[in-house]
Amino acid sequence: TGGKAGLFELDSAGGIRKIFTSPEANLTALFVAADGAIWFGTEPGGLVLRVDTAGKVSTVYDSPMREIRRFVQGADGSVYALG
């Protein structure tokens, strides 16, 4: 979103709920894992964040990279981030 980035949930009835506001300029690489958790990266800080199914946001990794670009999930459930 630029400035202070945000993550929002949009429901089928047109409702909007803010899940997370970040001091980072951009949220990148949105990914929904098999367990329903939402993963996303940031730019320019290179953070990897996770929203669990209860809505709790946690920082999983503070990478030395400037931007997280992509996530993939392995067959064993592991989530990989590309910076």
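Positions within a chain are numbered from 1, following the residues in the order the chain's sequence is written. Selection of residues for local features in this predicted model requires a pLDDT of at least 70, selection of side-chain atom pairs for listing and counting requires 80 or more, and totals for whole chains, interfaces and linings are taken over all residues. The side-chain figures draw on all heavy atoms in the structure; neither hydrogens nor water molecules are used.

Before going further, it helps to examine the packing of aromatic side chains. A pair of aromatic rings is counted whenever rings of Phe, Tyr or Trp (Trp by its six-membered ring) have centres within 6.5 Å, and the orientation is called stacked for planes under 30 degrees apart, edge-to-face for over 60 and tilted otherwise. Under the counting rule described, the total for this entry stands at three aromatic pairs. Centroid distance Phe20 to Phe40: 5.5 Å. Interplanar angle 50°. Geometry classified as tilted. Separated by 20 residues along the polypeptide, Phe20 in strand β2 (residues 16-21) and Phe40 in strand β4 (residues 38-43) bring together distant segments of the chain. For Phe40, a relative accessible area of 1% corresponds to the buried category. Ring geometry for Trp39 against Phe71: centres 6.2 Å apart, planes inclined by 50°, an arrangement best described as tilted. Here Phe71 lies in strand β7 (residues 70-73) and Trp39 lies in strand β4, a separation of 32 residues in the sequence. Look at Trp39 and you get buried, because its relative accessible area is 12%. Residue burial is assigned from relative accessible area. The probe radius is 1.4 Å, only protein chains are included, and a residue is buried under 20% of its type maximum, exposed over 50%, and partly exposed in between. On the accessibility criterion, Phe71 (6% relative accessible area) is buried. Within the aromatic cluster, the residues linked to one another by ring pairs are Phe31, Trp39 and Phe71. For the purposes of this entry, the term helix denotes a DSSP run of H or I that reaches at least four residues, the term strand denotes a run of E that reaches at least two, and both are numbered from the N terminus.

Remember that the coordinates give geometry; whether it matters functionally is a separate question.
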